[in-house]
Amino acid sequence: MQFKHLRNYVCSLLCLLLASVTFAEDKLPEVTHDGLHLVKDSELKALYMKPGASLAEYDKVALLACYVAFNKNWQREYNDEQIDLMSRVTDQDMQAIRTRIAGEFNTEFTEVLTKAGYQMVDKGASGVLVVQPAIINLEITAPDTMTPGEANFAANAGQMTLYMQLYDGKTGDLIARVIDPESVGGNFDVMQVRNSVTNTADEDRTIKRWATILSEHLSKAGATPTS
């Protein structure tokens, strides 16, 4: 199967998600519009699986490029609070952040899964789990705009939501979907200096947690890593 059209499909699903999904536990639908069933007692906010599907048959992972989307109103709301024009976030700043986080995602997932023994490949085939990740609703509390003499303080780095779909590499069949909103790093009661270094470290920890959960799900399902 060709996976080049998945990005458009995911983007359309994200629009639906942003418009309609509520993350309260008692509001999550038991069955999605495309027939996936809610898995109870997951470490993730919402994990949906196709009935009868198993992760046990996969020993390889094809990780597609991570799509990154800010909360639609984040830039405007953040800039409205800035007195100094030099502190405002530009479109170029946002693109740089999106590119950085997408790169971090690929790096962290590849490192965790490779360490667990799974072979990373670049296309679907028998025994390959295709992972289509997206980070949505991204908000950064104190983005580092490199303004001279400026120090940003915040209790946490921000928030982001993982929206990830898993496909069978041979058939292209959708077998699972993950939705997991997370606050990123920090202590809500303690203000700390925030910059690109601290933001990246907190983002990496959150992404590594997601990668570890996927690796553990594969292991628990009985998937055998490549020797």
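Rules used in this analysis
Residues numbered from 1 in each chain as written. Predicted model: local features only at pLDDT ≥ 70, side-chain atom pairs only at ≥ 80, totals over all residues. Heavy atoms only, no water. Helix = DSSP H or I, 4+ residues; strand = E, 2+ residues; numbered from the N terminus. Buried < 20%, exposed > 50% of the residue type's maximum accessible area, 1.4 Å probe, protein only. Phe/Tyr/Trp six-rings, centres within 6.5 Å; stacked < 30°, edge-to-face > 60°. Core = buried A, V, L, I, M, F, W, Y, C linked by side-chain atoms within 4.5 Å. Contact = heavy atoms within 4.5 Å. Salt bridge = Lys/Arg side-chain N within 4 Å of Asp/Glu carboxyl O.

**Digging into unusual backbone geometry**
- With phi around 60°, Asp41 is a residue other than glycine that occupies positive phi space.
- Positionally, Asp41 belongs in the loop between strand 1 (37-38) and strand 2 (46-49).
- Within the chain, Asn137 stands out as a residue other than glycine whose phi angle is a positive 55°.
- Relative to the elements of secondary structure, Asn137 occurs in strand 6 (residues 128-140).
- Its relative accessible area of 21% is what places Asn137 among the partly exposed residues.

**A word on the packing of aromatic side chains**
- Scanning the model with the defined rule gives three aromatic pairs in all.
- Taking the centre distance of 4.8 Å and the plane angle of 20° together, the rings of Phe70 and Trp74 count as stacked.
- Aromatic pair Trp74 and Tyr78: ring centres 5.6 Å apart, planes at 25°, arrangement stacked. Note that Trp74 and Tyr78 are positioned in helix 2 (residues 74-80) at a spacing of four residues, about one turn of the helix. The same class applies to Trp74 and to Tyr78, which are both buried.
- What links up through ring pairs into an aromatic cluster is the set Phe70, Trp74 and Tyr78.

**Remarks on the nonpolar core**
- The biggest cluster of nonpolar side chains holds 41 residues, and the ones touching the most others in it are Phe105, Phe109, Leu129, Leu166, Trp210 and Leu214.
- Ranked by the residues each element gives to this core, the list is headed by helix 3 (residues 91-115), at eight residues.
- Those residues in contact with Phe105 that lie beyond four places of it in its chain are Leu63, Cys66, Pro133, Ile135, Leu162, Ile207 and Trp210.
- By size, the runner-up hydrophobic cluster in this structure holds 15 residues, among which are Leu28, Ile136, Tyr163 and Tyr167.

**What to know about the environment of Gln75**
- Looking at the secondary structure, you find Gln75 in helix 2.
- Separated by 14 residues in the primary sequence, Gln75 and Val89 place their C-alpha atoms 6.6 Å from one another.
- With residues near it in sequence (within four places) discarded, Gln75 still touches Val89, Thr90, Asp91 and Met94.

**Quick word on the pattern of salt bridges**
- Considering all chains together, one arrives at 10 salt bridges under this definition.
- A salt bridge links Lys60 to Asp59, with the nearest nitrogen and oxygen atoms 3.1 Å apart.
- Asp59 sits in the partly exposed class, given a relative accessible area of 22%.
- Here Asp202 and Arg205 are joined by a salt bridge, their closest N and O atoms 2.3 Å apart.

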